[in-house]
Amino acid sequence: MGNKSFFAVLIVLIAGLVLFNSVYIVSEKEKAVMLRFGEIAKADIPPGIHFKVPVMNTVTKFEGRVMNMDTRKERFITAEDQFLEVDSYVQWRIDNTRKYYQATSGGQKEVAMNVLANRVNDGLRSEFGKRTQNEVVSGERDQLTAIIKERVDTVAKEQLGIEVLDVRVKGIDLPQDVSENVFRQIRTAREKEAQEKRARGKEQAEIIKADADRQKIVLQANAYKEAEEIRGEGDAEAAKIYADAYSRDPEFYSFTRSLKAYEDTFTNGGDLMLLEPDSDFFRYLNNLKGTAK
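Here's what I pulled together on the structure shown here. (Residues numbered from 1 in each chain as written. Predicted model: local features only at pLDDT ≥ 70, side-chain atom pairs only at ≥ 80, totals over all residues. Heavy atoms only, no water.)

### Remarks on unusual backbone geometry
For Asp44, which is not a glycine, the phi torsion comes out positive at approximately 50 degrees. The exposure class of Asp44 is partly exposed, given its relative accessible area of 42%. Of note in this structure, Asp81 is not a glycine but carries a positive phi near 65 degrees. In this fold, Asp81 is placed in the loop between strand S7 (74-77) and strand S8 (83-94). (Buried < 20%, exposed > 50% of the residue type's maximum accessible area, 1.4 Å probe, protein only. Helix = DSSP H or I, 4+ residues; strand = E, 2+ residues; numbered from the N terminus.)

### As for the pattern of salt bridges
Applying the stated criterion across every chain, the model contains 17 salt bridges. Residue Glu30 pairs with Lys61 through a salt bridge whose shortest N-O separation is 4.0 Å. With Glu30 in strand S2 (residues 30-36) and Lys61 in strand S5 (residues 57-63), this residue pair connects regions lying 31 residues apart in the sequence. Judged by relative accessible area, which is 27%, Glu30 ranks as partly exposed. Overall, Lys61 belongs to the partly exposed group, its relative accessible area being 39%. In this structure, the salt-bridge partner of Asp166 is Arg168, at a minimum N-O distance of 3.1 Å. One salt-bridge network, in which partners are shared between bridges, spans Glu127, Lys130, Arg131 and Arg151. (Salt bridge = Lys/Arg side-chain N within 4 Å of Asp/Glu carboxyl O.)

### Side note on the packing of helix H3 (residues 109-128) against helix H5 (residues 141-160)
Between H3 and H5, the shortest axis-to-axis distance is 9 Å and the interhelical angle comes to 145 degrees. Like other packed secondary-structure pairs, H3 and H5 cross with a definite hand, here right-handed. Of H5, the residues touching H3 (which contributes Ala112, Val115, Leu116, Arg119, Val120, Gly123, Leu124, Ser126, Glu127 and Phe128) are Leu144, Ile147, Ile148, Arg151, Val152, Val155, Ala156, Gln159 and Leu160. Taken together, the residues of the contact of H3 with H5 break down into 13 nonpolar, 3 polar and 3 charged. (Axes fitted to C-alpha atoms, helices over the stretch in contact; angles between N-to-C directions. Left-handed = near helix turned anticlockwise from the far one by under 90°. Contact = heavy atoms within 4.5 Å. Nonpolar A, V, L, I, M, F, W, Y, C, P; charged D, E, K, R; others polar.)

### With respect to the pairing of strand S3 (residues 39-42)
Pairing of S2 with S3, which is carried by 3 bridges, proceeds in the antiparallel orientation. Across the sheet, residue Arg36 finds its bridge partner in S3, namely Glu39. Count of turn residues in the S2/S3 antiparallel hairpin: 2 residues, of which Phe37 carries a positive phi of about 55 degrees. (Pairing = 2+ DSSP bridges.)

### As for the sheet that holds S2
A sheet is described by the order of its strands in space; here 3 strands give the open sequence S3-S2-S5, paired in antiparallel fashion. Strands with a single pairing partner mark the edges of an open sheet, and in this sheet they are S3 and S5. For this sheet, the mean inter-axis angle between neighbouring strands, taken without regard to orientation, is 45 degrees.

### Focus: the pairing of S2
As paired elements, S2 and S5 share 7 bridges and run antiparallel to each other. The partner of Met34 across the bridge, within S5, is Val59.

### Side note on a nonpolar patch on the surface
Taken together, Val23, Ile25, Ile49 and Phe51 make up a surface patch of nonpolar side chains, about 400 Å² in accessible area. Of all the elements in the fold, those that place two or more residues in the nonpolar patch are strand S1 (23-26) and strand S4 (48-51). The residue Ile49 is located in strand S4 in this model. (Patch = residues over 30% accessible without salt bridge, like charges linked within 9 Å, V, L, I, M, F, W, Y side chains within 5 Å. Areas by Shrake-Rupley, 256 points an atom, 1.4 Å probe, with all protein chains shown as cover.)

Here's what the structure looks like:
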């Protein structure tokens, strides 16, 4: 009874071990192939619980989700022979597990990524060579990456069993040696432009100053002319007033003028005048003297 019990337990254990090794699970995040003595017996196994023959069959699983790959920075030349350093990345996933397993030496991810990176760089080199720096930096970047994505996807599906979902250019930079030369050229161009603007500004300043001086002379001349005209009109008006006043009472007008002359003459005690006593200048004084007698 002891031996029978032992063998029964042993058989159960062996059966459990065989059953355990016969069951495998593929999750939603995975893709898998089943091998029979190293050769693919079943590919693209769907998610779920599956069975295999122990020892005879083995199962290899791969990442089933979308994967990102940053390519190494590469130097490309544009249509105008301008070197650019480009960073890019690729989104991809396994599409055909049979092709993928066979093309990557048993599903080695590094092999797939190296091939994929080379294909992307070849595409970038070809498309950059057809475009100018301005086109690849701004205007046609989306168009360029779309062309590369389609081309690389076609090749990757045929050769690697990989679906390329997206190709993007992360950054475009000038190489260090080229950057320094470009910056020197930009600085020289800006300095030349600044000098030209200063020269044009100085020329404009001289023109404005000359025009201002000319306008000043014209304004002064016009003002002087207008002042003389007003002065002339005032003198004429004054003469007319004097004439009117003189015509009304010539004697009184003559008398007031004589008084004004006496005032102007005798206000300064240092003046010396030599005149005849019966001079017309003393006419009103003589009259006053005669009246006083």
